[in-house]
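# A look at the structure
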Amino acid sequence: MYHKTLKPFPANFLWGASTSAYQVEGANLIDGKGPSCQDVKKVPEGTSELDVCADQYHRYKEDVKLMAEMGFKVYRFSISWSRILPEGTGEVNPKGIQYYNNLIDECLKYGIEPLVTMFHFDMPAALDKRGSWGNRESIDWFVNFAKVMFENFGDRVKYWLTINEQNMLTLVGPVIGTLYIPEGCTNKLKEIYQQNHHMLVAQAKAMELCHKMLPNAKIGPAPNIALVYPASCRPEDTTAAQNCNAIRNWLYLDMAVYGRYNNLVWSYLEEHDACPEFEPGDAESLKNAHPDFIGFNYYNTVTVEASTQTELKEATPGDQQSANEMAGVYKGFRNPNLTVTEFGWEIDPQGFRSTMREIYSRYHLPMIVTENGLGAYDTLTEDGKVHDDYRIEYLRQHIKMIQEAITDNVEMMGYCPWSAIDLVSTHEGIRKRYGFIYVDRDEFDLKTLNRYRKDSFHWYKKVIATNGSNLD
Ligand code: BG6
């Protein structure tokens, strides 16, 4: 649909950006923080450990000041479970509470709304030892953690996100260092979807609790949603795209919003004897979540064709943005119409608009983009500049599409690209940078850790100041 005139961004549109605790904070084992699964995992060869990252734990004041200089209305960050509860349950770490109080207050000092992700890929290692999400008790562990957060921060935090990219935890857990499979497990797929079920119930209960404890707050899920295209107009490719859409995307939003399993996913699980077990009360809890909005991460679309394999088996591993083959279900296809980033992820702003339209037409809830961005090698010049025109171009194209979607009458609340500041990637190190703020360090040499404003910093400042009307 071509619009002659675009509607403006709403006056209260939440411009900002995102980070996550384990990728940005550093200070991973100090001031009483317990280890998370990220601190005990073996990082991919040639990439940095997660002990210092961008050192935001010690430099949050400087970082929030820079965000304020850009004009942020919102800062999306996550709270590290094991900084608050070192063992995952039990004793609360007062220094952990203090840190997030300071961070929240620092944001509010500049009129920046904190948008808090409750769980971003960092299960306390102590809970992994107790069976992780595979243990039915994980539901209570998470709800207890939610309660501690609501009690301590709920007087100031109005926007909450439950679980970051639950779909990626389920589909590509090993790549991001999060999947825990107990010894002796004989049906891995069933185990994974049982864990997924526990997360879904935990998320639903946390949303219900949020509404009960903080009636003025708003809460929503934050999956990674990428509309899936069929590789051709062959009818079989459309069926494959429906399969992939259901397994990758709609399962998570159907559950968060309607509290029911997507029928295609259920049929796929039946085929594998992998349907999760419900306990009494689960169905009711799932129906009682009622999110206030949908947060979603978007990097690119996915394209698939029909899989010619007849024997249903496990998918071959990829990463967050690649669909490899799931035999008999779909097969990833490199879209020849799209360019790719230096790290091989396709770039598809038009697909962003289609994704927003599709989500809204299915769920009719206001939406906030909780991640979107370009991972690239950046170079700091001798005079302290980073000329990241490639990132500006990527962001400009995507912001334009938000305006198109707004004009399509999609209800958009805000935009939080990844990432506010350089941080360590899930599996490709600090060299894959996304930030508006450059952090002076390399993979293994921590250098000065000083902050520098990239060209995109100055550009985004102007975008925010004009409420998206000047993207030049
Ligand atoms: C999302 C995650 O999958 O994508 C982030 O929520 C992550 O944690 C981001 O960093 C970019 O991915 P990557 O693999 O380039 O770090």
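See above for the structure.
Structure report, in brief. (Residues numbered from 1 in each chain as written. Predicted model: local features only at pLDDT ≥ 70, side-chain atom pairs only at ≥ 80, totals over all residues. Heavy atoms only, no water.)

Around the ligand, a shell composed of 16 residues is seen, among which Gln23, Glu165, Thr426, Lys432 and Tyr434 lie nearest. A distance of 2.8 Å separates an oxygen atom of the ligand from a polar atom in the side chain of Gln23. Contact distances for the ligand include 2.8 Å between an oxygen atom and a side-chain N or O atom of Glu371. Taking 380 Å² as the accessible area of the ligand by itself, protein coverage stands at 100%. At a threshold of 2 Å from the grid points, most atoms of the ligand map onto the largest cavity. The class makeup of the residues in the shell around the ligand is five nonpolar, eight polar and three charged. (Near = heavy atom within 4 Å. Polar contact = N/O pair within 3.5 Å; in protein donor to acceptor, adjacent residues only side chain to side chain. Areas by Shrake-Rupley, 256 points an atom, 1.4 Å probe, with all protein chains shown as cover. 1 Å grid on protein atoms, 1.4 Å probe; cavity = no way out; pocket = protein on both sides within 12 Å on 5 of 7 lines; lining within 4 Å. Sits in = over half its atoms within 2 Å of the grid points. Nonpolar A, V, L, I, M, F, W, Y, C, P; charged D, E, K, R; others polar.)

To find leftover empty space, a probe the size of one water molecule is rolled over the atoms. Counted according to the given criterion, the structure contains nine cavities of 30 Å³ or more. Here the largest cavity is characterised by a volume of approximately 140 Å³. Taken together, 15 residues line the largest cavity, and the ones lying closest to its centre are Tyr299, Gln320, Glu371, Trp418 and Thr426. Looking at the lining of the largest cavity residue by residue, the class counts come to five nonpolar, seven polar and three charged. Here the second largest cavity defines a volume of roughly 120 Å³. Along the wall of the second largest cavity there are 13 residues; nearest its centre are Trp133, Leu169, Thr178, Gln195 and Met199. For the lining of the second largest cavity, the secondary structure elements donating two or more residues are helix H8 (166-176) and helix H9 (188-213). With four residues, H9 is the largest single contributor of residues to the lining of the second largest cavity. Tallied by class, the residues present in the lining of the second largest cavity amount to seven nonpolar, five polar and one charged. (Points joined across faces, edges and corners; volume = space filled by probe spheres on them. Helix = DSSP H or I, 4+ residues; strand = E, 2+ residues; numbered from the N terminus.)

The subject of this paragraph is helix H15 (residues 455-465). Ser456, Phe457, Trp459, Tyr460, Val463 and Ile464 are the residues of H15 that are buried. In a view along the axis of H15, the buried residues occupy a sector of 165°, so they form one face of it. Contact partners of the buried residues in H15: strand S1 (14-18), helix H3 (56-70), helix H14 (389-407), strand S12 (412-415), strand S13 (437-439) and strand S14 (451-453). (Buried < 20%, exposed > 50% of the residue type's maximum accessible area, 1.4 Å probe, protein only. Arc of directions from axis to C-beta. Contact = heavy atoms within 4.5 Å.)

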